[in-house]
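Fold and geometry: a report
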Amino acid sequence: MTTTTLLGALLPVVPLVAGLVGLLLPPAPPDGGGRPRRAAIALGVAGAAGAFLLAVALLVTLDGPAEASGTWVDLGGLTVSIGVRLDGAAALVAVAVAAVALAVQVYSIGYLKRGPHDDVDVDHRYPPYAAQISLFTAAMLLVVVAGDLILLLVGWEVMGICSYLLIAHDRRLPEAPAAAMKAFLVTRVGDVGFLLGIALLGVSAGSFRIADVLAHDHATGTLTAACLLLLAGVAGKSAQFPLHTWLPDAMAGPTPISALIHAATMVAAGVYAVTRLYPLFERAPVALAVLGVMAVVTLLLGALAATAQDDLKRVLAWSTVSQIGYMTGALAVGAPAAALFHLLTHAAFKALLFLAAGAVIHAVGTTLMSRMGGLRRGMPVTFWCTVVGLGALAGLPPLAGFWSKDGVLVAAQEAALHDAGPAASWVGWLVWVAGLAGVAVTAWYATRLLLRTFFGEARTPLVQPHDPPAVMRWPVLLLAVPAALLWLAGFAGSFTDLLRPVAAATPERPSDLLPSAPLVHLGPEVLLPLALLAIGAGLAWAGWRRDSAGDPAATLGRLRPVFARAFRLDDVQHALVVRPTGALARGVRTADEVVVDGAVTGSGRAAVGLGGGLAALHRAALPRAAAGVLAGALLIGLAAALIGVAA
C-alpha cells in the first residue's frame, strides 16, 4: 500500500473513530456544560479536522489514479473486495466534504447553546449529536473513496441512518421525528433499486470491485436495467423527482444539519455515484435519457417551489433540489466534469447560505421571512456573506456559481446544437432550455430572499439583532471565500484534468480519458444567462419597490399556493402510495388478527369448550353411574343367593 492509498484508507477511519468514541460519552448536564460536552466538541472537531488534513494531503500527493484492494468475501467466484479507488475527483470531493463537516462541527458549538430568544436550556444531547455528524462524515467519505460497490453501499446506507438520527435530533419539535421517518422511508425506496442495480452489475462482472465492473463487457439489457435501477437510488439520495419530497421536510432538523446534508454530503452522493460509474452510463443512452428528463423536471420544480416559500430554510431546501437538477442534467448530456465542478461550488455556497440562515434564525428566533426585514444594519457580516452566497446561487459573475452553472449550460448547448453528448440531442435541448429558465427563476427567488430578510423595515420587534459570536461567524466567513473564488481553479488545466472521470484500465483495453473540455467559458454564450439573470432579479426588485412591506411572491397570484405546495406532488404521493400502503397494512393486520390468530385462538377455545362440556357431562352422570354399580352389585348378589338356595 502506497502513501496515497494509505491516506485514502484513513480518510473515513478518522471520523469513524471519533464518532464511535463520541457515542460512548454520557449526556451533558441539563445546563449544557460539563466534561461530556467539552469532550464531544474536541472529538467532533478533531475528527473533522483530521479528515480535512488527510483530504488535502491526498489532493497534494495524488499524481494519478491509484487503487489498493484485497479480497473480503469470495462466494462461489463472486468476490467482494475491501479497498480504495482514488482519482482527482475523489480527492476534490473529499476536501469539500471534510471542509463542510469541519465548518458544521465548529458552527454547532455556538448554535446549540442558549441564545437570547431561547426559552429552553442548552441542548444536553450534544455528545450524540457531534458523534452522529462524525459518523455521517465517515460514511460519505467511504462513498467517495470506496473501491468496491458493496463498500460504497455500506457508506450509502450508514448515511441514511445518520440522517434519520440528525434530522430527528430536536425531539421537542413534533415535526422532527415525522420528517426523519419520511426521509428514511423515501430514500429507502430508492435504495432498493440501488441495491438491485449493484447486484446486477456484480453478478454480471463476477466481482463488485468498481474497476472490474467498469472493465466488464455487460450485456446491453443488463447494463440498461442496472443503470436505471441505480438511478432510483440517485433519485432518493439526491432528492430528485419523484423521490424529492423528503428534503423540504428535513428542515425540521437543526440548521447546521441542513447545511451538512444539503451541501457536499448526502444529496451530492447520488451525483458522485453516477460520475464514479459514468463509463457504464455512457453505454446506456436510455438511462441517460431518463436521467435528463428527471433532471429537467426536478430543476424547474425546485426553482418554482422556492419562489413561494415563506420559510427561509425551505427556500434554500427547494433551491438545493433545483441545483442538484443542474448537476444531473450535466451528467445526462455527457459533462461529468461540469457536474462535479458545480457540485464543488454548490457545496461552498449552499453551506454558506444555510449557516448564514442559521445566524439569522439564531438572532431573530424565527424562520419566517414575513417576520424579518431590516437585518442588514444589525448583522452586516451575515448580510454580506449572504449576498455572496445568493449571488453564487443565482449565477452572478464573477462568483463561483456563475462559472460552474455556465459550464453546465454550455455543455447542454453543445449537446443540443451539435449532438455532442452520449444521449440523444433532444435530451440536450431539454436540459439547455430548462437550465436557462432556471437561471431567471433562481435569480428571482434569490433576490426576493435577500430583500425580504435584510432590507426594508423590521416587521417584528426584535431585541437588537446582531451578528453571531465568533465560533459561528468564522465558519461563515471562511466558506464565503470558495463561494466567491473557487472559479479561479477552473482556469487551471490541472484542475480540469482532476475532474475528468477515468475509464477502467485492463491489459486488453488501456485506460482512456474522456475528452478534456474547459470548465470556464468566456464567450458570447454567457450573454443569454446574464440577460435572464437580470430579468429575474429585476422583476423581483420591481415587485418589492412597489411595496417594500409586501411580498414579491404576491405577483404569482393564483399560482402561489400551487408553487408553495410544489404542485401538490407530496399530496399525490400520499394519495397514491401512503394511503394505499396504510390501508393494505391495516387489512393485513386485520386478516392476521381475525383470520390467522382467530383460527389458532378459535381452535384452542373450541377444544377448551368441548373439554368443559364433556367434563360437565361426566360430572353430571357420576351419581347415576354409582347407583347403577350398586344396583348391579345387589342384583348379582341376590342372583348368587337364589342359585345357592336352589342347589
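Residues numbered from 1 in each chain as written. Predicted model: local features only at pLDDT ≥ 70, side-chain atom pairs only at ≥ 80, totals over all residues. Heavy atoms only, no water.

1. Digging into the overall build of the chain
- For the chain, the count of helices and strands is 23 helices and two strands.
- Expressed as a percentage of the 647 residues in the chain, the buried residues total 53%.
- Summed over its atoms, the accessible surface of the chain is roughly 26,200 Å², and 70% of this surface lies on carbon and sulfur atoms.
- The chain carries 40 positive and 36 negative side-chain charges, and their two centres are separated by 10 Å. (Helix = DSSP H or I, 4+ residues; strand = E, 2+ residues; numbered from the N terminus. Buried < 20%, exposed > 50% of the residue type's maximum accessible area, 1.4 Å probe, protein only. Areas by Shrake-Rupley, 256 points an atom, 1.4 Å probe, with all protein chains shown as cover. Lys, Arg positive; Asp, Glu negative; His and termini not counted. Charge placed at Lys NZ, Arg CZ, Asp CG, Glu CD.)

2. Describing the side chain of glutamine 573
- With respect to the helices and strands, the residue glutamine 573 is situated in helix α23 (residues 569-646).
- Ignoring any residue separated from it by four or fewer positions in sequence, one finds glutamine 573 in contact with Val186, Pro242, Thr245 and Val578. (Contact = heavy atoms within 4.5 Å.)

3. Things to note about the packing of helix α4 (residues 126-145) against helix α5 (residues 149-167)
- Look at α4 against α5: their axes get within 8 Å of each other, and the N-to-C directions meet at 155°. With respect to their mutual orientation, α4 and α5 come out roughly antiparallel. In this structure, the crossing between α4 and α5 has a hand that is left-handed. Seen from α4, the contacting residues are Tyr129, Gln132, Ile133, Leu135, Phe136, Ala139, Met140, Leu142 and Val143; seen from α5, they are Leu151, Leu152, Val154, Gly155, Trp156, Val158, Met159, Cys162, Ser163, Leu165 and Leu166.
- Residue composition of the contact of α4 with α5, by class: 17 nonpolar, three polar and no charged. (Axes fitted to C-alpha atoms, helices over the stretch in contact; angles between N-to-C directions. Parallel < 35°, antiparallel > 145°, perpendicular 65-115°, else oblique. Left-handed = near helix turned anticlockwise from the far one by under 90°. Nonpolar A, V, L, I, M, F, W, Y, C, P; charged D, E, K, R; others polar.)

4. Regarding the nonpolar core
- If you look at the biggest cluster of nonpolar residues, it comprises 203 residues, and the most contacted ones within it are Trp246, Phe281 and Leu499.
- For phenylalanine 281, the residues in contact, after removing those within four places along its chain, are Cys227, Leu230, Leu231, Val274, Ala287 and Leu288. (Core = buried A, V, L, I, M, F, W, Y, C linked by side-chain atoms within 4.5 Å.)

5. Looking at the packing of aromatic side chains
- This structure, assessed with the given rule, holds 12 aromatic pairs.
- A centroid spacing of 5.4 Å and a plane angle of 55° characterise the contact between phenylalanine 563 and phenylalanine 567, whose relative ring orientation is tilted.
- For phenylalanine 563, a relative accessible area of 8% translates into the label buried.
- An aromatic cluster is present here, built from Phe383, Trp384, Phe454, Phe455 and Trp544 joined pairwise through their rings.
- The positively charged end of arginine 188 is found above the aromatic ring belonging to phenylalanine 184, 4.5 Å away from the centroid.
- When the ring centre of tyrosine 326 is taken as reference, the NZ or CZ atom of lysine 405 above it lies at 5.1 Å. (Phe/Tyr/Trp six-rings, centres within 6.5 Å; stacked < 30°, edge-to-face > 60°. Lys NZ or Arg CZ within 6 Å of the ring centre and 35° of its normal.)

6. Structural notes on the pattern of salt bridges
- One pass over the structure, following the stated rule, counts 15 salt bridges.
- Notably, a salt bridge pairs aspartate 570 with lysine 182, separated by 2.6 Å at the nearest N-O pair. You can see aspartate 570 sitting in helix α23 and its partner lysine 182 sitting in helix α6 (residues 175-205), a full 388 residues away along the chain.
- Aspartate 570 sits in the partly exposed class, given a relative accessible area of 28%.
- For lysine 182, a relative accessible area of 17% puts it in the buried group. (Salt bridge = Lys/Arg side-chain N within 4 Å of Asp/Glu carboxyl O.)

7. Points about unusual backbone geometry
- Backbone torsion omega between phenylalanine 241 and proline 242 reads 5°, so that peptide bond is classified as cis.
- The residue alanine 566 is not glycine, and still its phi comes out positive at about 55°.
- One can find alanine 566 in the loop between α22 (559-564) and α23.
- The phi torsion at phenylalanine 567 lies on the positive side, around 60°, for a residue other than glycine.
- Its place among the elements puts phenylalanine 567 in the loop between α22 and α23.
- Judged by its relative accessible area of 35%, phenylalanine 567 is partly exposed.

8. Description of the packing of helix α11 (residues 266-276) against helix α14 (residues 312-332)
- Look at α11 against α14: their axes get within 10 Å of each other, and the N-to-C directions meet at 0°. Judged on the interaxial angle alone, α14 and α11 are roughly parallel. Contact residues: α11 offers Val267, Val271, Val274 and Thr275, while α14 offers Thr320, Ile324, Met327, Thr328 and Leu331.
- For the contact of α11 with α14, a count of residues per class yields six nonpolar, three polar and no charged.

9. Comments concerning the pairing of strand β2 (residues 78-86)
- When strand β1 (residues 66-75) meets β2, the two strands line up antiparallel, connected through nine bridges. Each bridged residue has a counterpart across the sheet, and for glycine 70 the counterpart in β2 is isoleucine 82.
- Taking the residues between adjacent antiparallel strands as the criterion, β1 and β2 are bridged by two residues, where glycine 76 takes a positive phi near 60°. (Pairing = 2+ DSSP bridges.)

10. Description of the environment of alanine 55
- With respect to the secondary-structure elements, alanine 55 resides in helix α2 (residues 35-61).
- Using a relative accessible area of 0% as the deciding quantity, one classes alanine 55 as buried.
- Dropping the residues within four chain positions of it, alanine 55 is found in contact with Leu11, Ala94 and Val95.

Geometric values such as these leave the question of function open.
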